[in-house]
Amino acid sequence: MNVLNLIRENIKSMQPYASARDEFTESTSDMVFLDANENPFNNGLNRYPDPQQQEVKKMLSEMKAVSTENILLGNGSDEVLDLIFRAFCEPNKDNIIILPPTYGMYKVLADINAIDVIEVQLTSDFQPKTQTILLAANEKSKLLFLCSPNNPTGNSFSRVQVEIVLRQFKGIVVIDEAYIDFSVQESWLNCLEEFPNLIITQTLSKAYGMAGIRLGVCYASKEVIAVLNSIKPPYNVNELSQLKALERLSNIKEVQNEIEQIKNQKEILLKELKEVVFIEQIYPSDANFLLIKVDNATERYEQLIEKGIVVRNRSNQPLCENCLRISVGTAEENTQLIKVLKRLNK
Ligand SMILES: *Cc1c(COP(=O)(O)O)cnc(C)c1O
């Protein structure tokens, strides 16, 4: 399978826009930069940021044991996902496959890019229906989105099923690993070589605690990364975000400590939620949130709002009737949630 055959014709022939900072990279501190019409007075941010974010990539590359040539950074994974659409999907012609209930952005991005969406619902225990997916696919199916651990259900997909579609789906398989750092399952990162049609997205928004800086990470073959690079806005990750990302990534102990605390809190929440009489089901979670089924989701949602607690009502999603999605908070926040839930009238 040559994935480059899946690229849109107009994109195949594109050369990346060469920004001033691209053209001259061997910067030494005594160089005089008069090439980008910047204000010359140094305030720490008067220069354009590195369009290739080399420092951040170097750090990720060491942490994940992946070459920097297999990495692309975006303004959140939402931008990365949009770049993937624009590289592979011809508007008003191609389609993508998604597996509801899942992350809402895949369909939003498909609609923005005028791409049809084929929906293949997950099984009742939220696993992909591999054979149905492969049967639903046609020659215009360019992307298949697998969100694992899945939002809003919280579970990871069976590795065996994922591997079947990786081998048999004739387009790109995007595995969204936004929650991978909370998961007991291994990332698919070390399978990039084996599957040329695999793209993995991760983010600093969840486990890394940096939702505010908007930094998404894409891992793929060098060839796919080169194509995405050729269409990305030149300065898509700003200087402040790059600096904050470096700071956070160099403090990985703290990140790991927070992940451990969140996982411990999830176990405590799980135990406490079992004692709430109107909670009918708590689904297994491999992420930093829990999906629960209650007697009446809309009513319980409103009651919680009244007590100052905001959760996510997912009851309009397929297979999620009367379901609420609850993020794991700090110990204090979770205690407050439990206290409020236990006091709500039956
Ligand atoms: C939160 C989330 C993201 C993160 O998106 P960013 O744009 O990086 O903040 C991506 N995918 C899923 C499934 C998510 O739940």
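Here the structure is shown first, and the text comes after it.
Everything in this summary refers to the structure shown in the same document.

On to the site of the ligand. Among the 13 residues in the neighbourhood of the ligand, the closest are listed as S77, T203, S205, K206 and R214. Take Y179: an N or O atom from its side chain is 2.7 Å from an oxygen atom of the ligand. When the free accessible area of the ligand is taken as 390 Å², the share hidden by the protein chains comes to 94%. Ranked by residue count, the leading element in the shell around the ligand is helix 4 (residues 76–88), at three residues. For the shell around the ligand, the residue count by class is four nonpolar, five polar and four charged.

Before going further, it helps to spend a moment on the sheet that holds strand 9 (residues 289–294). Spatial ordering of the open sheet is given by 8-9-11-10, a layout of four strands whose pairing is antiparallel. Every other strand in the sheet has two partners, leaving strand 8 (279–282) and strand 10 (312–313) as the edge strands with one partner each. As paired elements, strand 10 and strand 11 (residues 323–327) share two bridges and run antiparallel to each other. Considered in strand 11, the bridge of N313 is made with L324. Against the sheet, helix 10 (residues 252–273) touches strand 8 and strand 9, its axis set at about 10° to strand 9.

Along the chain, A136 falls in helix 6 (residues 130–136). Relative accessible area serves as the criterion here: at 26%, A136 is assigned to the partly exposed category. Counting along the chain gives 48 residues from A136 to F88, while the straight-line C-alpha distance between them is 19 Å. The contact partners of A136, leaving out residues within four places of it in the chain, are I118 and V120.

This structure, assessed with the given rule, holds 18 salt bridges. R167 is the salt-bridge partner of E194, the closest N and O atoms lying 3.1 Å from each other. Residue E194 is located in the loop between strand 5 (172–176) and strand 6 (198–203), and its partner R167 is located in helix 7 (residues 159–168); the two are separated by 27 residues in the primary sequence. Judged by relative accessible area, which is 46%, E194 ranks as partly exposed. Residue class for R167 comes out exposed when judged on its relative accessible area of 51%. E260 serves as the salt-bridge partner of K263, at 3.6 Å between the closest nitrogen and oxygen. Here E260 and K263 lie together in helix 10, a separation of three residues that amounts to about one turn.

Attention shifts here to unusual backbone geometry. Keep in mind that most residues, glycine aside, have a negative phi and that most peptide bonds are trans. Each neighbour pair has its own omega, and for P100 with P101 the value is 0°, a cis peptide bond. Its location among the elements puts P101 in the loop between strand 2 (95–98) and helix 5 (105–112). Across the junction of S148 and P149, the peptide omega takes the value -5°, indicating a cis bond. Look at A65: it is not a glycine, yet its phi comes out positive at around 55°. Residue position: A65 is located in the loop between helix 3 (54–64) and strand 1 (71–74).

The rules behind each value
- Residues numbered from 1 in each chain as written.
- Predicted model: local features only at pLDDT ≥ 70, side-chain atom pairs only at ≥ 80, totals over all residues.
- Heavy atoms only, no water.
- Near = heavy atom within 4 Å.
- Polar contact = N/O pair within 3.5 Å; in protein donor to acceptor, adjacent residues only side chain to side chain.
- Areas by Shrake-Rupley, 256 points an atom, 1.4 Å probe, with all protein chains shown as cover.
- Helix = DSSP H or I, 4+ residues; strand = E, 2+ residues; numbered from the N terminus.
- Nonpolar A, V, L, I, M, F, W, Y, C, P; charged D, E, K, R; others polar.
- Pairing = 2+ DSSP bridges.
- Contact = heavy atoms within 4.5 Å.
- Axes fitted to C-alpha atoms, helices over the stretch in contact; angles between N-to-C directions.
- Buried < 20%, exposed > 50% of the residue type's maximum accessible area, 1.4 Å probe, protein only.
- Salt bridge = Lys/Arg side-chain N within 4 Å of Asp/Glu carboxyl O.

Any functional reading would require information that these geometric values do not contain.
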